[in-house]
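Inside the fold
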Amino acid sequence: MAEIVVLGGGVAGHTAALHLRRLLSKAHAVTVVTPNADWNWIPSNIWVGVGQMDSTDVVFPLAPVYRKQGIEYVQAKGVAIRPEGDPADGRGAVDLVHTSAARQGETDQIRYDYLINATGPQLKFAMTPGLGPDNGHTVSVCTAGHATQAAIALQRAITNLKAGEPQTLVVGMGHGTCTCEGAAFEYVFNVDHQLREAGVRDRARLVYLTNEASLGDFGVGGLTFEENGFQTSSELWTASLFRERGVEAILGAHVEMVEPGMVRYETLDGAHHELAFDFAMLLPPFGGVPLAAYDRAGADITGELFAPNGFMRSTLTTRPRRSTTGRPLTGRAPTSPLVTTTSGPSG
Ligand SMILES: Cc1cc2nc3c(=O)[nH]c(=O)nc-3n(C[C@H](O)[C@H](O)[C@H](O)COP(=O)(O)OP(=O)(O)OC[C@H]3O[C@@H](n4cnc5c(N)ncnc54)[C@H](O)[C@@H]3O)c2cc1C
């Protein structure tokens with residue numbers, strides 16, 4: 001019998017757990033460890049953020065699903081991975097801190113034969129002073145809760161526009177290292193549509209502020225669509241959409257700071273600019289969630305398992321055993337297998 005632990009009950013972890021339960025016999029145990037009680041279909045947050053969907057439409061509670069499927073569910077966050085176990089038990093282990101109301105803050109440990117690390121992105125609003133809905137001056141659509149706040153802020157801007165007050169709405173990336181351009185691109189056109197529906201588009205200045213070097217780049221160097229033998233680049237396609245809808249684009253921008261009603265950013269030519277806004281939805285840069293790693297003796301191996309940005313090194317699926325001199329050992333299969341789905345998500 002094998003114990004499989006899935007760390008993170010989001011898009012990847014939840015999907016992996018359901019497939020494992022379907023594919024494996026009941027002799028094997030599948031456990032999901034995740035701090036959240038609800039699952040969120042994150043891509044639909046762009047609809048919540050304009051009030052077209054309610055946050056309850058994009059989330060559902062995990063516990064009943066796992067109960068029905070025969071998947072163990074631990075509401076907790078992982079804080080450390082021990083791929084070689086410890087002197088008492090050679091199986092891998094994850095150190096946990098419980099997050100349910102009943103066990104909030106309690107520490108615990110779970111053993112595994114196989115571990116999937118699907119902990120997703122950490123939202124690094126703090127990399128830009130003044131960014132984000134909690135300690136800053138901008139809204140976000142990264143979580144269902146953030147998107148609900150964004151819809152309220154957008155409605156406020158629409159009310160002002162209806163009262164005849166011109167508004168500048170800025171949508172895009174909150175830092176030069178952001179990687180979720182697709183989500184901001186979709187959201188800016190949802191906002192455009194919402195403003196048109198409200199009959200106030202002509203009074204609104206709508207700006208897409210991005211770190212992309214060209215329109216349609218999406219952080220992946222662009223796309224090519226082929227239809228009937230004719231190829232269209234995503235740059236051509238998106239540029240025509242921006243022009244058709246009257247959405248201004250500022251490219252190659254690194255947001256340095258957000259103050260109330262003002263974004264300060266630097267462009268690729270080194271020039272510094274400012275842009276006044278009434279509504280701003282700027283996505284944060286992502287990193288891996290903070291997880292430590294220890295070897296069998298308890299020595300810190302975090303730097304071996306994780307890249308400096310916190311994402312697990314996806315090429316390293318098992319850690320080679322080391323001799324006491326630190327040289328890798330050959331021969332016997334190493335430690336409990338460990339895979340990651342968190343090598344850098346993008347929208
Ligand atoms: C607004 C928006 C729109 C998007 N639209 C698209 C789209 O149209 N198409 C597309 O392909 N992608 C889209 N994306 C990107 C997509 O949502 C992500 O790539 C995807 O959610 C990543 O899945 P994941 O499971 O790695 O992370 P997540 O879905 O974020 O799940 C991570 C899970 O791990 C949990 N967790 C966090 N820390 C710990 C811990 N310490 N221990 C245990 N669990 C932990 C979290 O609570 C969460 O449940 C969009 C993203 C955004 C923000």
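As a starting point, this report considers the structure included with it. (Residues numbered from 1 in each chain as written. Predicted model: local features only at pLDDT ≥ 70, side-chain atom pairs only at ≥ 80, totals over all residues. Heavy atoms only, no water.)

A look at the site of the ligand
- Neighbouring residues of the ligand: 27 residues in total, closest Val11, Ala12, Pro35, Asn36 and Gly78.
- Within the backbone of Gly10, a nitrogen or oxygen atom sits 3.4 Å from an oxygen atom of the ligand.
- Val11 places a polar main-chain atom, nitrogen or oxygen, 3.0 Å from an oxygen atom of the ligand.
- Contact with the protein chains hides 78% of the accessible area of the ligand, taken as 1000 Å² for the molecule alone.
- For the shell around the ligand, the secondary structure elements donating two or more residues are helix H1 (11-23), strand S2 (29-34) and strand S5 (72-82).
- Taken together, the residues of the shell around the ligand break down into 16 nonpolar, 10 polar and one charged.
- No fewer than three residues from each of domain 1 (3-120 + 289-340) and domain 2 (123-286) sit in the shell around the ligand. (Near = heavy atom within 4 Å. Polar contact = N/O pair within 3.5 Å; in protein donor to acceptor, adjacent residues only side chain to side chain. Areas by Shrake-Rupley, 256 points an atom, 1.4 Å probe, with all protein chains shown as cover. Helix = DSSP H or I, 4+ residues; strand = E, 2+ residues; numbered from the N terminus. Nonpolar A, V, L, I, M, F, W, Y, C, P; charged D, E, K, R; others polar. Domains from an automatic or database assignment.)

Notes on the side chain of Ser234
- Along the chain, Ser234 falls in helix H6 (residues 234-245).
- Polar side-chain contacts of Ser234 include one of 2.7 Å to the backbone oxygen of Gly216.
- For Ser234, the contacting residues outside a window of four places in its chain are Leu215, Gly216, Phe218, Gly222, Leu223 and Phe225. (Contact = heavy atoms within 4.5 Å.)

Overview of a nonpolar patch on the surface
- A cluster of nonpolar side chains, namely Val220, Leu223, Phe225 and Trp237, defines an oily patch on the protein surface of about 370 Å² accessible area.
- Looking at the element boundaries, Leu223 is found in the loop between strand S11 (204-209) and strand S12 (224-227).
- On the basis of relative accessible area, Leu223 is assigned to the partly exposed category, the value being 39%. (Patch = residues over 30% accessible without salt bridge, like charges linked within 9 Å, V, L, I, M, F, W, Y side chains within 5 Å. Salt bridge = Lys/Arg side-chain N within 4 Å of Asp/Glu carboxyl O. Buried < 20%, exposed > 50% of the residue type's maximum accessible area, 1.4 Å probe, protein only.)

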